[in-house]
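# Tertiary structure, described
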Amino acid sequence: MSAPVVKRVGSRALIVDLPDLATVMDWHAALSARPLHRQTDVVAAARTVLITFDSAGAAAAAASALAAFRPDAARRATPRDIEIEVLYDGADLGELADSLSMSRAELIDWHTSTTWVAAFGGFAPGFTYCVPAEPERALDVPRRSSPRTQVPAGAVAVAGDFSAVYPRTSPGGWQLVGTTRTPMWDSAATPPALVAPGDRVRYVAVDSLPEETAAGQQRAQLPPRRPVLAVDDPGLQTLYQDLGRPGHGDLGVTSSGSADRASARAANAAVGNQRGATLLENIGGLTLRALTETVVAVTGAEAHVTVDGRPALLAHPTLVPAGAQLVVAAPSTGMRTYVAVRGGLVADAELGSSATDMLSGLGPAPVAAGDTLSVSLQAPQSTNPRVVNPLRVAREGADTVGVVRCVLGPRDDWFTQEAVERFLSTTFTVTPESNRVGLRLESDDPLERGREGELASEGMVAGSVQVPPSGQPVLFLRDHAVTGGYPVIATVISDDVDVAAQLPPGGKIRFELYSV
């Protein structure tokens, strides 16, 4: 085998182009069993392996080491046979059949008569990419030109050589052919994903589906805690967040965690918490009432903060007496504010984290009016260092503007040189369809590809800038899908994902090159 092609993905990740799926699985098995120095995750895809690290230096060192990396063949687990009942009512079934010169019945027969083999997990928890056991039965199914903002849970879909089930409601660009009620993910199960790599899957056509049943959820035992705050008004959205759940890409689980990492760390530091303590992430302002005397800090977007009407400073520890009301107003600049409470908040956890992942549904539910917030009685505390609010967006006239540094690629070669230059010189607008999954961007001059065809699904990171055929980029944030199938023209460096997270709808963003 020739030397692998290793490309930078932003500042803290690498992607390795490999010749086939079997080689991918060999690399994935070897890097899972014996991780590289400071490796945080490894994600297999159709023709690539994505490897993430905890620093730019570790990624640079690994790039050199991987040039001579030659793993042994991976041992394959004994496969299981799994049947999935499908009602073939997909929104794209008829149009897809026409595009393939097939009738609806012929397309359904192809899908149900094919034995599918699970290749790898990704995109979302329980989403498993399956390929035909007999390669000659594969159809090259194009993705949608523009991904849907919401694909319903249980949607059975095809794209490229693959078939899969969307376990939960999420964005997606695959062609929808049917619906199933078979649960694909259960946090209480071992393993939590129904379909594991190597399993054989058969889709069975049915005339009706059973009623939906809720999957079990595995929660960590909560430590001793003390109620400290009541939620009077959660604003537009208030979520529990921490530094996320890295290292579970194989399960289709993204890291998630605080959208603006620097602001979250600063809030915890200001009240003496550990940097990864659970806190609140808010959009639109919120109102809390103290049940007992407590200390809080607010960071992130520029917002007016008061305690019983008295102003409080951002990024400073603030005493909230029992019965007092803490009000964080809607921001004047920026998008998200963070509220840390001394002792660290206590919330349900999945896979070792209390972060609420809006794409997958993992973690605690969004905070609602009437909820009670508690802190741990066991959390270690430290003295308060000098903390500065790390917001890095600014007002330019009526607009909130952010400038982010990026590394081109790993798929900038899919675009014309003119399109790459235009990407770096354009001021994009953040659309209202943006959320914690990603910023949907638009400009008057869509970006053009210089290459035809479909890109095989591959691993993504927070900061990946995908460009679907519409030419309007999507910049992934913390709750992004683990894998994606549109080419990434550039990747925002890890530190500047925080900047993107503070841009509201209507905000402006510009990209500038970063030298690793």
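Report on the accompanying structure. Since we're looking at a predicted model, the values are computed, not measured. All chains use their own residue numbering, which begins from 1 and follows the written sequence. Local features in this predicted model are restricted to residues of pLDDT 70 or higher, and side-chain atom pairs are both shown and tallied only at a pLDDT of 80 or more, whereas totals for entire chains, interfaces and linings draw on every residue. Calculated side-chain values reflect all of the structure's heavy atoms, with hydrogen atoms and water omitted.

## Brief notes about the pairing of strand 6 (residues 116-121)
Condition: When accessible area is computed with a 1.4 Å probe and restricted to protein chains, residues below 20% of their type maximum are described as buried, those above 50% as exposed, and intermediate ones as partly exposed. Think of it this way: any DSSP run of H or I at least four residues long counts as a helix, any run of E at least two long counts as a strand, and we number them from the N terminus. At least two bridges found by DSSP between two strands are what make those strands a pair.
The element strand 6 is extensively covered by neighbouring structure, given that five of its six residues are classed as buried. With five bridges connecting them, strand 6 and strand 7 (residues 128-132) associate as antiparallel partners. Of the residues in strand 7, the one forming a bridge with Gly121 is Thr128. Hairpin connection of strand 6 to strand 7: six residues between the antiparallel strands, including Phe123 at a positive phi of 70 degrees. As paired strands, strand 6 and strand 13 (residues 200-205) are joined by two bridges and run antiparallel to one another. Residue pairing across strands places Trp116 opposite Val201, the latter belonging to strand 13.

## What about helix 6 (residues 417-425)?
Cut-off, in case you're wondering: To be clear, the arc concerns the directions from the helix axis to the C-beta atoms. It only takes one pair of heavy atoms within 4.5 Å for two residues to be counted as in contact.
Among all positions in helix 6, only Ala419, Val420, Arg422 and Phe423 are buried. Down the axis of helix 6, the buried set is contained in an arc of 165 degrees. They therefore lie on one face. Structural note: helix 6 exposes Gln417 and Ser425 on the side pointing more than 90 degrees away from its buried face. Lining the buried residues of helix 6 we find strand 26 (399-408), strand 27 (428-430), strand 30 (464-466), strand 33 (488-492) and strand 34 (508-513).

## Re the nonpolar core
The line we're drawing: By nonpolar core we mean a set of buried residues, namely Ala, Val, Leu, Ile, Met, Phe, Trp, Tyr and Cys, connected to one another through side-chain atoms within 4.5 Å. Where each domain starts and ends follows an automatic or database-derived domain assignment.
By size, the foremost hydrophobic cluster in this structure holds 40 residues, and its most contacted members are Tyr166 and Trp174. Considering each element in turn, this core owes the most residues, five residues, to helix 1 (residues 21-33). Built from parts of two domains, this core gets at least three residues from each of domain 1 (5-68) and domain 2 (81-205). Among the nonpolar cores identified, the runner-up in size contains 29 residues, and Ala419, Ala462, Ile509 and Phe511 belong to it.

## Here's the deal with the side chain of Asp357
Applied cut-off: In this tally Asp and Glu are treated as negative and Lys and Arg as positive; neither His nor the chain ends contributes. Salt bridge, as applied in this entry: a Lys or Arg side-chain nitrogen positioned within 4 Å of an Asp or Glu carboxyl oxygen. By the criterion applied in these results, polar contacts are pairs of N or O atoms within 3.5 Å in which, for protein atoms, one can donate a hydrogen and the other can accept it, and in which residues neighboring in sequence qualify only through two side-chain atoms.
Here Asp357 is to be found in the loop between strand 23 (333-341) and strand 24 (372-376). In this structure, Asp357 is buried with no salt-bridge partner, the nearest side chain bearing the opposite charge being Arg245 at 4.8 Å. One polar contact links Asp357 to Ser360, side chain to side chain, over a distance of 3.1 Å. Setting aside chain neighbours within four positions, we find Asp357 in contact with Arg245, Thr254, Ser256, Leu362 and Asp479.

## So, empty space enclosed by the protein
Keep this limit in mind: Here a cavity denotes a set of grid points, spaced 1 Å apart and computed over the protein atoms alone, in which a 1.4 Å probe fits but from which it cannot get out, and a pocket denotes an open set meeting protein on both sides within 12 Å along at least five of seven lines; residues with an atom within 4 Å of a point are reported as lining. Grid points are joined across faces, edges and corners, and a volume is the space filled by probe spheres set on the points. When residues are sorted by character, Ala, Val, Leu, Ile, Met, Phe, Trp, Tyr, Cys and Pro go into the nonpolar class, Asp, Glu, Lys and Arg into the charged class, and all the rest, Gly among them, into the polar class.
This structure, assessed with the given rule, holds three cavities of 30 Å³ or more. Computed from the structure, the largest cavity encloses a volume of approximately 360 Å³. Sorting the residues of the lining of the largest cavity by element identifies strand 11 (170-172), strand 28 (438-442), strand 31 (474-476) and strand 32 (483-484) as the ones contributing at least two each. Here the lining of the largest cavity is composed, by residue class, of 14 nonpolar, 10 polar and three charged. In terms of lining residues, the second largest cavity is bounded by Asp260, Ala262, Pro390, Leu391, Arg392, Asp498, Val499 and Gln502. Partitioned by chemical class, the residues of the lining of the second largest cavity number four nonpolar, one polar and three charged.

## Notes on the side chain of Thr128
The residue Thr128 is located in strand 7 in this model. A polar side-chain atom of Thr128 sits 3.0 Å from the main-chain carbonyl oxygen of Val195. Aside from chain neighbours lying at most four places away, what touches Thr128 is Ala118, Phe120, Gly121, Ser163, Ala164 and Val195.

## A few points about the sheet that holds strand 4 (residues 48-53)
Hydrogen bonds along the backbone pair up the strands of a sheet, which may run parallel or antiparallel. Filter applied, for reference: The axes used here are C-alpha line fits, helices contributing only the stretch in contact, and every angle between their N-to-C directions lies in the interval 0 to 180 degrees.
Ordered by their spatial adjacency, four strands build an open sheet running 1-2-4-3, and the pairing between neighbours is antiparallel. Taken across any chain shown, the strands that pair with only one partner, and hence form the sheet edges, are strand 1 (5-9) and strand 3 (39-44). Across this sheet, the average inter-strand angle for adjacent strands is 20 degrees, counted without regard to direction. Strand direction decides the pairing type here: strand 2 (residues 13-17) and strand 4, joined by five bridges, are antiparallel. Within strand 4, the position partnered with Leu14 by the bridge is Ile51. In the packing of helix 1 onto the sheet, contacts are made with strand 2, strand 3 and strand 4, and the angle to strand 3 comes to roughly 160 degrees.

## Considerations on the sheet that holds strand 15 (residues 237-241)
Read across the open sheet, the five strands follow the order 15-16-23-18-21; overall the sheet is antiparallel. Looking at which strands have only one partner, the edges of the open sheet turn out to be strand 15 and strand 21 (318-320). Mean inter-strand twist for the sheet, computed between neighbouring axes without regard to direction, equals 30 degrees. Across three bridges, the pairing between strand 18 (residues 294-302) and strand 21 is antiparallel. Among the inter-strand pairings, Thr294 is bridged to a residue of strand 21, identified as Val320.

## What about helix 1?
Filter applied, for reference: For a helix, the expected span equals 1.5 Å multiplied by the number of residues minus one.
For helix 1, which comprises 13 residues, the first-to-last C-alpha distance of 18 Å matches the rise-based estimate of 18 Å (1.5 Å per residue) to within 8%. Every buried residue belonging to helix 1 is among Thr23, Val24, Met25, Asp26, Trp27, His28, Ala30 and Leu31, and all of these are buried. Where helix 1 starts, the residue carrying a side-chain oxygen 3.4 Å from the main-chain nitrogen of Ala22 turns out to be Asp20.

## Points about the pattern of salt bridges
Scanning the model with the defined rule gives 21 salt bridges in all. The salt bridge partner of Lys7 is Asp413, with a shortest N-O separation of 3.7 Å. Of this pair, Lys7 sits in strand 1 while Asp413 is found in the loop between strand 26 and helix 6, placing the two residues 406 residues apart along the sequence. The shortest N-O distance in the salt bridge between Glu281 and Arg436 comes to 2.8 Å. In this pair, Glu281 is assigned in strand 16 (residues 279-283) and Arg436 in the loop between strand 27 and strand 28, connecting sequence segments 155 residues apart. Salt bridges sharing partners connect three or more residues here, namely Lys7, Asp17, Arg411, Asp413, Arg451 and Glu458.

Any link to function would need more than the numbers given here.
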